[in-house]
Structure formats: C-alpha cells, structure tokens
Amino acid sequence: MAQDRPAPPRHVAIVMDGNGRWAKKRFLPRFFGHKAGVDSLVKVVQACIDRDIEHLTVFAFSSENWKRPSDEVSGLMGLVLAAVSRYLAKMGAMGVRIRIVGDRDAVSDKLRNAWNEAESSTLHNTKLTLNVAFNYGGRWDIVQACRKAIEAGVPAAELTEARLSEFMAMSYAPDPDLFIRTGGEVRISNFLLWQAAYTEFVFSDCLWPEFGERELDAAIAAFHERDRRFGGVKETPAA
C-alpha cells in the first residue's frame, strides 16, 4: 500500500543568490543575470503552486544592497518596474497574491506606485502569497516592530515574543518552514532573523537563474528528512 505523500512546507523562503555570477560565466553584464533571475522566479512560483505551498518569500533586495555600484542599483530598480509591467497580469491569472515587505521610504514614488498596484490588483488571490522582500533586513524588521509596539503603547511588562510578533512585517504569515539559499554561500545575510528561529535550512550550489523544479524538489525532500522538534523531545513509542 502506497504511503501518503508528506505535507509540503507551508512557507518557503529563498535567498535568490548567484545572478551576477551566472552572468559573469556567460561574459554578460550583471544586469542580465538579474533579468534571468526574474524569469526563474516566475517558474518557481508556478512550481510552488503545483506543490500546494501557501507562502513563498523571496529576498529581492536587501537593505545592504544599496552599497552596490549605482548603475547596478539603478538597473535593479528599473528591472522591478519592468517585471511588474510584464508579469503582473500573469501572476494574477495564476492566482498569486503579491505582498511587498520592507522599508518603502527609500524607493521612488514610481516604484511605490507599482508596488501598490501589484498588491491591490492581486488582493483577493488565494493560490499562493508571494512575499517580495525589497529594501528589507531582518534587523530593520525587529527594530520597526519594537517602534510600532512602543507607538501602540504596549507596556514593557506585556511585550512578549507573541506580542512583538504581531508588529513584524510579515505578521500575517506563518514562520518559514524551509529556507533555501542558492549560489553556494552558507549564511542568511540578515534575512528573516526573527521568523527563522526554527526554520530548516538548505544551501544549494545552484545559481539562482538555473534553479528550477528539480532543485526545489531536492530542497523539499531534504526538508522532509529533518526531525523538527522545535526545542522539544519526541516520545519514543513503547516496544
């Protein structure tokens, strides 16, 4: 008798690393790697829908990425605008809800307006929530949550982990079950520091533009092999 298929992770987070190296291997400017990375993201979004994953959170632009060369940063901003224009209707038809996570103050009005359009036009979609972390940092998230808690008048004695979680940028989503980083680096780079306390990590040597269904399935298979105890001990059945 066939075993039941294991439940998929509800929430997958991905650091989409390796775009620049992918382009360099092909003697192309870094921008073309980022462009190929967007195409890869669209494919992975569909793969997550096919696997009944509820939330996909991707690290699109960190608060530290402003340190990159100005032409690369400018190109990334333009690419985001182009991606919204090119893929928004498709994402909507796929049943994807788009949510932008991060500090919006530093980006242009044009980019903020594009984000607002993406969020409002996909508001009622339920197949998958795509959380795009842009100008986001885990430390920023914790600080902004503390500030909001203070502004809300939460007394220090009542500021528990659960209460502070209500003010985090992704309070609407479950914490990630699976965290994938592509590109061969083995660090989390200030991504979802609060939310990843009990997340399972998979680090892949695959460069992000080459990441697809096979690599996603390999990461999910690794996730299913983990013994998730959340700090506790599982009871051993009596003989």
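Residues numbered from 1 in each chain as written. Predicted model: local features only at pLDDT ≥ 70, side-chain atom pairs only at ≥ 80, totals over all residues. Heavy atoms only, no water.

If you look the protein up in an unreviewed UniProt entry, it shows as Isoprenyl transferase from Roseateles saccharophilus. Listed under Subunit (unreviewed entry) in UniProt, the entry text for the protein is "Homodimer." Within the UniProt record for the protein, the comment given under Sequence similarities (unreviewed entry) is "Belongs to the UPP synthase family." (UniProt positions renumbered as here; feature names shortened; annotations may be inferred.)

Undergrad: Before we go on, may I ask you to explain the UniProt feature "binding site: Mg(2+)" (unreviewed entry) in the protein in this structure?
TA: Under the local residue numbering, the UniProt record ascribes the feature "binding site: Mg(2+)" (unreviewed entry) to Asp 17 and Glu 200. Within the annotated group, the residues that form the lining of the largest pocket are Asp 17. Mapping Asp 17 onto the fold places it in the loop between β1 (11-15) and α1 (19-25). Tracing the backbone through its elements, the reader meets Glu 200 in strand β6 (residues 200-203). The class of Glu 200 is buried, set by a relative accessible area of 15%. (1 Å grid on protein atoms, 1.4 Å probe; cavity = no way out; pocket = protein on both sides within 12 Å on 5 of 7 lines; lining within 4 Å. Helix = DSSP H or I, 4+ residues; strand = E, 2+ residues; numbered from the N terminus. Buried < 20%, exposed > 50% of the residue type's maximum accessible area, 1.4 Å probe, protein only.)

Undergrad: I keep staring at the layout of surface pockets and nothing clicks. Help me out?
TA: Unfilled space is identified by rolling a water-sized probe across the atoms. By volume, the largest pocket amounts to about 960 Å³. Taken together, 41 residues make up the lining of the largest pocket; nearest its centre are Met 16, Asn 19, Phe 59, Ala 60 and Phe 61. Going through the elements one at a time, α1, α2 (30-50), β2 (55-62), α3 (70-93), β3 (96-101), α4 (109-121) and β4 (128-136) are the ones with two or more residues in the lining of the largest pocket. Looking at which element gives the most residues to the lining of the largest pocket, the answer is α3, with eight residues. Among the residues making up the lining of the largest pocket, the classes are represented as 25 nonpolar, eight polar and eight charged. (Points joined across faces, edges and corners; volume = space filled by probe spheres on them. Nonpolar A, V, L, I, M, F, W, Y, C, P; charged D, E, K, R; others polar.)

Undergrad: Mind showing me how you'd approach the pairing of β1 here?
TA: Within a regular strand, the side chains alternate between the two sheet faces. With respect to burial, β1 is a largely interior element, five of its five residues being buried. Where β1 lies against β2, five bridges are found, and the strand directions are parallel. In the strand pairing of β2, Val 12 is matched with Leu 56. The pairing of β1 with strand β5 (residues 178-181) spans four bridges and is classified as parallel. Bridge pairing in β5 places Ile 14 opposite Ile 180. (Pairing = 2+ DSSP bridges.)

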